[in-house]
Amino acid sequence: MPTMADVARRAGVSVATVSHVLNDTRPVLPRTRQAVLDAIDELGYTPNTLARSLVTSRTRSIGLAVSAISNPYFTEILQGVEAEALAHGYSLLIADPHDDPAHERKVAQLLHERRVDGMIVAPSANPAELLSYLGRHRVPTVLLDRVVDAEPRFDQVCAENTAPTSELVAHLAGLGHRRIGLVAGLAGLSTSSERIAGYRAALAATGLPYDEGLVVHGDSASAGAERATAALLSRAEPPTALVTANNAMTIGALRALRDHGVSVPGDMALCCFDDFAWADLFSPRLTAIAQPSREIGAQAVRVLLDRLADPDRPVRTVRLPCAFVHRTSCGCPEGAGASERRPSEGGGVEEGASASEGAGVPEGTAVCGDPLRGGAVGSELRPPEGELSSPPSVAVPPRGPASARKESARDRRRR
């Protein structure tokens, strides 16, 4: 197996020069650098990463700890993390904490023992043990997706949650709905509390009363959302419109609506937080807030690398903007603004620095607009039987005769 000394002899340079080329530790003349690279290619030399880490105290590896990796949202985040890490010469070690506070602390310790240079972690609803461990051992860490309030030790990267949720609710209110339900996520997660805050803010802004009975928790999972939606439908006055707070809960809500013979949007208008690859294949197509999943992952890597390069830099929180994807499940007909994709209200923000200074926020994100308006349509929604990773395949059973159906959402809105 060729060694660094063999490369140095072939290139006609010192071993130190070869090391500088491999590790970018000192400027090397372009002609000399190319001679070293050619020698490496001719000899088939492979650097010994373990040996290098003993000298540099760096492994050029990043630990990623996120739950529900099979969820398309986190899958896309993973793709963004991996692509950005590889582009900077870093490998990735991945673990699933299962949203369990005790387990996530063990996962962090295992990744730390593997001597990763830093970690990107989506914390659970109760991350005290995790944060204590990371802080005590001074592990460079970026908290991903879920913000921990008043956390002065770690950088954080997430999407906007409050304003985009408000936009969904305001859109439904603009269509005439007065009882709008929310299937919220797991209590304790910042994404859940921020989306509830957005829901309440939109009700206040549109002059609608807040009814705590219209807010149910689906625990950020399909099964939980199915139960929560069924509870909403059992109310004496069920909502005429529904907002689901993540993609997994959208699937559970659709199952409950189907099982109760409720058509979308004829009996129930539906908007969801999180877009996914086949949301456009439903009939009607799902109106949704799309998060910049891959960019969230890529931005987390960039923020972590900035921290590794400058450990004393100010802590920052980067919030990336979402997009409002206007389709037809909200009750708007085709051609009345449906199929539109536009930046959601609430542009990207970097707390602690200007958003234009390294935040990686796309241009044109600070967009405000009035709720879109349109009429209702009565086609049925056909949700899939499988989980999020499965394509839609099973149609909703035919609806019963008109005389046996509940009054339509349009009629109930008018009351």
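Predicted model only: the values in this text are computed from it and were never measured. (Residues numbered from 1 in each chain as written. Predicted model: local features only at pLDDT ≥ 70, side-chain atom pairs only at ≥ 80, totals over all residues. Heavy atoms only, no water.)

J.: Outline the nonpolar core, listing residues and values.
T.: The nonpolar side chains of a soluble globular protein tend to be buried, and buried together. Counting residues in each nonpolar core, the largest one holds 75 residues, and the members touching the most others are Ile62, Ile120, Leu172, Ile180, Val183, Tyr199 and Ile296. Ranked by the residues each element gives to this core, the list is headed by helix α12 (residues 293-309), at 7 residues. Non-local contacts of Ile62, meaning those with residues more than four positions away in its chain, are made with Ala85, Tyr90, Ser91, Leu92, Leu93, Val116, Gly118, Ile120, Val301 and Leu304. (Core = buried A, V, L, I, M, F, W, Y, C linked by side-chain atoms within 4.5 Å. Buried < 20%, exposed > 50% of the residue type's maximum accessible area, 1.4 Å probe, protein only. Helix = DSSP H or I, 4+ residues; strand = E, 2+ residues; numbered from the N terminus. Contact = heavy atoms within 4.5 Å.)

J.: Describe the state of the cysteines, and please don't skip the residues or the numbers.
T.: Simply put, the disulfide is a covalent bond whose two ends are the sulfur atoms of two cysteines. Following the criterion strictly, the structure yields 0 disulfides and no others. Left unpaired, Cys158 is separated from the closest cysteine sulfur, that of Cys322, by 9.3 Å. The class for Cys158 is buried, based on a relative accessible area of 0%. (Disulfide = S-S within 2.5 Å.)

J.: Lay out unusual backbone geometry in plain terms, naming residues and giving numbers.
T.: Backbone geometry follows two general trends: most residues other than glycine have a negative phi, and most peptide bonds adopt the trans configuration. Omega for the peptide link from Val264 to Pro265 comes to 5°, which places this bond in the cis form. By the element assignment, Pro265 lies in the loop between α11 (247-259) and β9 (269-273). With phi around 65°, Ser220 is a residue other than glycine that occupies positive phi space. Among the secondary structure elements, Ser220 is positioned in the loop between β7 (215-217) and α10 (222-233).

J.: Explain the packing of aromatic side chains to me, and be specific about the residues and the numbers.
T.: What the rule picks out here adds up to 3 aromatic pairs. Relative to Phe282, the ring of Phe276 has its centre 6.4 Å away and its plane inclined at 85°; by these criteria the two rings are edge-to-face. Looking at Arg195, its charged tip hangs above the ring of Phe273, at a distance of 3.8 Å from the centre. Its end group placed over the ring of Tyr210, Arg200 keeps NZ or CZ at 3.7 Å from the ring centre. (Phe/Tyr/Trp six-rings, centres within 6.5 Å; stacked < 30°, edge-to-face > 60°. Lys NZ or Arg CZ within 6 Å of the ring centre and 35° of its normal.)

J.: Describe the pairing of strand β2 (residues 91-95), listing the residues and the values that go with them.
T.: Where strand β1 (residues 61-65) lies against β2, 5 bridges are found, and the strand directions are parallel. Across the sheet, residue Ile62 finds its bridge partner in β2, namely Leu92. Viewed along the sheet, the connection from β1 through helix α5 (residues 72-87) into β2 turns out right-handed. (Pairing = 2+ DSSP bridges. Right-handed = clockwise from strand over helix to strand, strands pointing away.)

J.: Which residues make up the packing of α10 against α11, and what values do they have?
T.: Close contact between α10 and α11 brings their axes to 7 Å; oriented N to C, the two are set at 45°. Overall, the two elements α10 and α11 adopt an arrangement that is oblique. Between α10 and α11 the crossing geometry is right-handed. Along the contact surface, α10 presents Ser222, Ala225, Glu226, Thr229, Ala230 and Leu233, while α11 presents Ala248, Met249, Ile251, Gly252, Ala253, Arg255, Ala256, Leu257 and Asp259. (Axes fitted to C-alpha atoms, helices over the stretch in contact; angles between N-to-C directions. Parallel < 35°, antiparallel > 145°, perpendicular 65-115°, else oblique. Left-handed = near helix turned anticlockwise from the far one by under 90°.)

J.: For the environment of Ala253, give the residues involved together with the corresponding values.
T.: Turning to its location among the elements, Ala253 is positioned in helix α11. On the basis of relative accessibility, which here comes to 0%, the residue Ala253 falls in the buried class. In the structure, Ala253 is positioned 28 residues away from Ala225 in sequence and 5.6 Å away in space, judged by C-alpha atoms. Ala253 has contacts with Ala225, Glu226, Thr229, Leu242 and Thr244, leaving out every residue within four places of it along the chain.

J.: So what's going on with the pairing of strand β4 (residues 141-144)? Which residues, and what values?
T.: A two-sided burial pattern is seen for β4, the buried positions comprising Thr141 and Leu143 on one face and Val142 and Leu144 on the other. On the question of chirality, the crossover connecting strand β3 (residues 118-121) to the parallel β4 by way of helix α7 (residues 128-136) is right-handed. Where β4 and strand β5 (residues 155-159) come together, 3 bridges link them in parallel fashion. Each bridged residue has a counterpart across the sheet, and for Val142 the counterpart in β5 is Asp155.

J.: I'd like a description of helix α2 (residues 15-23), backed by residues and values.
T.: All of the buried residues along α2 are Thr17, Val18, His20 and Val21. Burial along α2 is one-sided: seen end-on, the buried residues are contained in an arc of 160°. (Arc of directions from axis to C-beta.)

J.: Which residues make up the packing of helix α8 (residues 162-174) against helix α9 (residues 190-205), and what are the values?
T.: For the pair α8 and α9, interaxial distance at closest approach is 7 Å and the crossing angle is 45°. By the criterion of interaxial angle, the relationship of α8 to α9 is oblique. In the crossing of α8 with α9, the sense of the turn from one axis to the other is right-handed. The segment α8 lies against α9, with Thr162, Thr165, Ser166, Val169 and Ala170 engaging Glu194, Arg195, Ala197, Gly198, Tyr199, Ala201, Ala202 and Leu203.

J.: How would you explain the side chain of Thr191 if you had to name every residue and give the values?
T.: Following the sequence through the fold, Thr191 ends up in helix α9. Sequence-distant contacts of Thr191, defined by excluding residues within four places in its chain, comprise Asp145, Arg146 and Asn161.

J.: How would you summarise the pattern of salt bridges if you had to cite specific residues and measurements?
T.: Enumeration according to the criterion identifies 15 salt bridges in this entry. As a salt-bridge pair, Arg319 and Glu194 come within 2.8 Å of each other at their nearest N and O atoms. Residue Arg319 is found in strand β11 (residues 317-320), and its partner Glu194 is found in helix α9; the two are separated by 125 residues along the sequence. Judged by its relative accessible area of 13%, Glu194 is buried. Taking the shortest distance from any N to any O, the salt bridge between Arg285 and Asp280 comes out at 2.5 Å. Salt bridges linked by common partners bring Asp275, Asp280, Arg285, Arg327 and Glu334 together as one network. (Salt bridge = Lys/Arg side-chain N within 4 Å of Asp/Glu carboxyl O.)

J.: Pulling in residues and values, what's your account of α10?
T.: Compared with an ideal rise of 1.5 Å per residue, which puts 12 residues at 16 Å, α10 spans 16 Å between its outermost C-alpha atoms and is within 8% of the ideal. Listed in full, the buried residues belonging to α10 are Ser222, Gly224, Ala225, Ala228, Thr229, Leu232 and Leu233. On its buried face, α10 sits against β6 (180-184), β7, β8 (241-244) and α11. (Expected span 1.5 Å × (residues − 1).)

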